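Summary of structural features
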Amino acid sequence: MLIFTEIKSLQQKIKSLKNGVTIGFVPTMGALHEGHLSLVGKAKKENDIVIVSIFVNPTQFDNADDLTNYPKTIEKDLSLLKSFSCDIVFTPTPEEIYADDIQSQSFDFDGLEFQMEGKFRAGHFNGVGTIVERLFKVVKPHKAYFGEKDFQQIQIIRKMVEKRKLTVQIIACPIHREKDGLAMSSRNMRLTKEQRAAAPFIYETIKKAKIQFGTKNASEVVKWVENEFQNHPILRLEYVEIADEDTLLPVETKNPTKKYRAFIAVFAGNVRLIDNISL
Ligand code: AMP
């Protein structure tokens with residue numbers, strides 16, 4: 001497994017690959033878990049070589065403490081990727097990516113950026129768009145793999161690819177969960193024992209919401225979820241929303257030809273957890 005920290009040397013390596021070699025790309029922020037590795041596994045099956053980036057992108061954090069506290073486990077990440085037969089890892093510094101101007105560009109994602117995460121994390125999707133476009137231009141992958149855990153992010157990246165006429169194919173991968181249902185996340189390692197024990201309640205509740213959505217309308221289900229969290233001793237609901245998968249707009253009247261998802265963001269102490277479920 002080759003490890004590059006510089007864009008120039010990574011690009012030289014990519015240029016030296018034989019014509020026709022397909023590149024699968026998995027962008028991550030490290031602190032890798034089985035969810036990330038499932039993306040790497042799928043990329044390995046579908047491409048000749050796999051490139052994984054590990055970069056904690058400062059411009060997508062709306063909260064300075066969240067950035068400072070973001071888990072960093074680079075040695076463990078590299079050994080996991082090696083054991084997974086990853087071909088190339090790209091671990092740039094913020095300066096390598098942004099030079100001396102650590103700022104986002106401004107994107108128009110046709111309104112997708114104003115829903116859900118966009119309402120609560122100012123500038124987050126401009127940061128995501130900036131780094132993902134930059135990485136796509138450096139790596140020039142044929143396919144790039146993203147987890148449905150960040151479903152809104154996938155839709156936004158698809159929109160960016162369409163608007164900027166990029167040639168990469170975006171592959172969505174299912175959410176990997178712990179045995180008790182908690183969606184795997186790098187942030188889970190920051191949970192206290194008590195918070196970790198409480199956290200599966202998030203998925204349990206949206207699973208019940210899915211059943212209710214069979215007979216009730218979206219606003220009734222949203223109210224029910226809000227009520228479930230109202231007096232929770234450990235978890236604080238930030239938002240729950242039932243939205244159209246394509247537009248990400250909240251559902252008003254159900255249309256049997258459309259696909260819907262329930263999206264949720266919850267705080268356990270200062271750790272923010274998100275999840276979603278197809279309805
Ligand atoms: P992150 O390192 O959190 O930026 O995540 C890198 C990629 O892994 C993103 O495309 C995430 O959506 C994906 N990912 C993170 N957690 C999971 C999970 N539990 N299941 C599937 N994909 C995930």
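For every chain, the first residue of the written sequence is number 1, and numbering continues from 1 onward in sequence order. Since the coordinates come from a predicted model, pLDDT governs what is reported: local features require at least 70, and pairs of side-chain atoms require 80 or more to be given and counted, while whole-chain, interface and lining totals use all residues. Remark: hydrogens and water are excluded; side-chain values derive from all non-hydrogen atoms of the structure.

1. Topic: helix 11 (residues 218-230)
Taking 1.5 Å of rise per residue, 13 residues should cover 18 Å, and helix 11 covers 18 Å from first to last C-alpha, within 8% of that figure. Among the residues of helix 11, Ala218, Val221, Val222, Val225 and Phe229 are the ones counted as buried. Each buried residue of helix 11 sits inside an arc of 100° when the element is viewed along its axis, so together they form one side. Counted as exposed and oriented over 90 degrees from the buried face of helix 11: Lys223, Asn227 and Gln230. When checking whether two residues touch, look at their non-hydrogen atoms; a contact exists if any pair is within 4.5 Å. Strands here mean DSSP runs of E at least two residues long; helices mean DSSP runs of H or I at least four residues long; both are numbered from the N terminus. Against helix 10 (201-213), strand 7 (235-244) and strand 8 (260-268) lie the buried residues of helix 11. One less than the residue count of a helix, multiplied by 1.5 Å, gives the span that helix is expected to have. Each residue's exposure class comes from its accessible area (1.4 Å probe, protein chains only) as a fraction of the maximum for that residue type: buried when under 20%, exposed when over 50%, partly exposed otherwise. Arc definition: it is the arc formed by the directions from the helix axis to the C-beta atoms.

2. Some thoughts on the sheet that holds strand 3 (residues 49-54)
Pairing between two strands is assigned when DSSP locates at least 2 bridges connecting them. Taken together, the 6 strands give an open sheet; going across it, the order is 1-4-3-2-5-6, and neighbouring strands pair in parallel fashion. Of all strands in the sheet, those with a lone pairing partner are strand 1 (2-4) and strand 6 (169-173), marking the two edges. Each neighbouring strand pair of the sheet contributes to a mean axis angle of 25°, computed without reference to strand direction. Helix 4 (residues 74-83) contacts strand 1, strand 3 and strand 4 (88-90) of the sheet and is inclined by roughly 170° relative to strand 3. The sheet strands contacting helix 7 (residues 124-139) are strand 2 (23-28), strand 3, strand 4, strand 5 (143-147) and strand 6, and the helix crosses strand 2 at an angle near 150°. With axes taken as lines fitted to C-alpha atoms, and helix axes fitted only over the stretch in contact, angles between N-to-C directions fall between 0 and 180 degrees.

3. As for the site of the ligand
Residue proximity to a molecule or strand is established when one non-hydrogen atom of the residue lies within 4 Å of it. If you check the shell around the ligand, you find 16 residues, and the closest are Met29, His36, Asp150, His176 and Met184. Any pair of N or O atoms that falls within 3.5 Å is considered a polar contact. Within protein, one atom must be able to donate a hydrogen and the other to accept it, and sequence-neighbouring residues count only if both atoms are side-chain atoms. Within the contact set of the ligand, an oxygen atom lies 2.9 Å away from a backbone nitrogen or oxygen of Met29. Protein chains bury 92% of the 480 Å² of accessible surface belonging to the ligand in isolation. Most atoms of the ligand, that is more than half of them, are within 2 Å of grid points of the largest cavity. Of all the secondary-structure elements, those providing two or more residues to the shell around the ligand are strand 2, helix 2 (34-46) and strand 5. With 3 residues, helix 2 is the single largest residue contributor to the shell around the ligand. Here the accessible surface of atoms and residues is derived via Shrake-Rupley with a 1.4 Å probe, and residues count as covered only by protein chains that are part of the display. The rule is simple: put a 1 Å grid over the protein atoms alone, call a set of points where a 1.4 Å probe fits but cannot get out a cavity, call an open set with protein on both sides within 12 Å along at least five of seven lines a pocket, and count a residue as lining if it has an atom within 4 Å of a point. A pocket or cavity is taken to hold a molecule when more than half of that molecule's atoms are within 2 Å of the pocket's grid points.

4. Observations regarding the domain arrangement of the protein
The figure often quoted for interface size is the accessible area lost as the parts come together. Segmenting the protein into domains produces domain 1 (2-173) and domain 2 (186-278). Residue ranges for the domains originate in an automatic or database domain assignment. Just the C-alpha atoms count here: the centres of domain 1 and domain 2 sit 26 Å apart. Listed as interface residues are 23 residues of domain 1 and, on the opposing side, 20 residues of domain 2. Counting the surface lost from both domain 1 and domain 2, the interface buries some 2,000 Å², and carbon and sulfur atoms represent 55% of this. Counted as salt bridges are all cases of a side-chain nitrogen of Lys or Arg within 4 Å of a carboxyl oxygen of Asp or Glu. Summed over the shared surface of domain 1 and domain 2, the result is 5 salt bridges. The partner of Arg272 in a salt bridge is Glu117, with the nearest N and O atoms 2.8 Å apart. In this structure, the connection of domain 1 to domain 2 is made through 9 residue pairs in polar contact (both at pLDDT 80 or more). By convention, the term buried area covers the 1.4 Å-probe accessible surface removed from two parts as they join, with the contributions of both added.

5. Notes on empty space enclosed by the protein
Take a probe with the size of a water molecule and roll it over the atoms, and the empty space left behind shows itself. Grid points are joined across faces, edges and corners, and a volume is the space filled by probe spheres set on the points. Summed over all chains, the structure comprises 2 cavities of 30 Å³ or more. A volume near 840 Å³ is recorded for the largest cavity. Lining of the largest cavity is provided by 48 residues; of these, Met29, His36, Lys149, Asp150 and Gln153 occupy positions nearest its centre. Secondary structure elements with two or more residues in the lining of the largest cavity: strand 2, helix 2, helix 7, strand 5, helix 8 (151-163), strand 8 and strand 9 (271-278). No other element matches helix 7, which puts 6 residues into the lining of the largest cavity. Taken together, the residues that form the lining of the largest cavity break down as 24 nonpolar, 15 polar and 9 charged. Each of domain 1 (2-173) and domain 2 (186-278) contributes no fewer than three residues to the lining of the largest cavity. Each pocket or cavity is described by its volume, and for the second largest cavity that value is around 60 Å³. Note that Gly is not counted as nonpolar here; it falls among the polar residues with everything else outside the nonpolar set of Ala, Val, Leu, Ile, Met, Phe, Trp, Tyr, Cys and Pro and the charged set of Asp, Glu, Lys and Arg.

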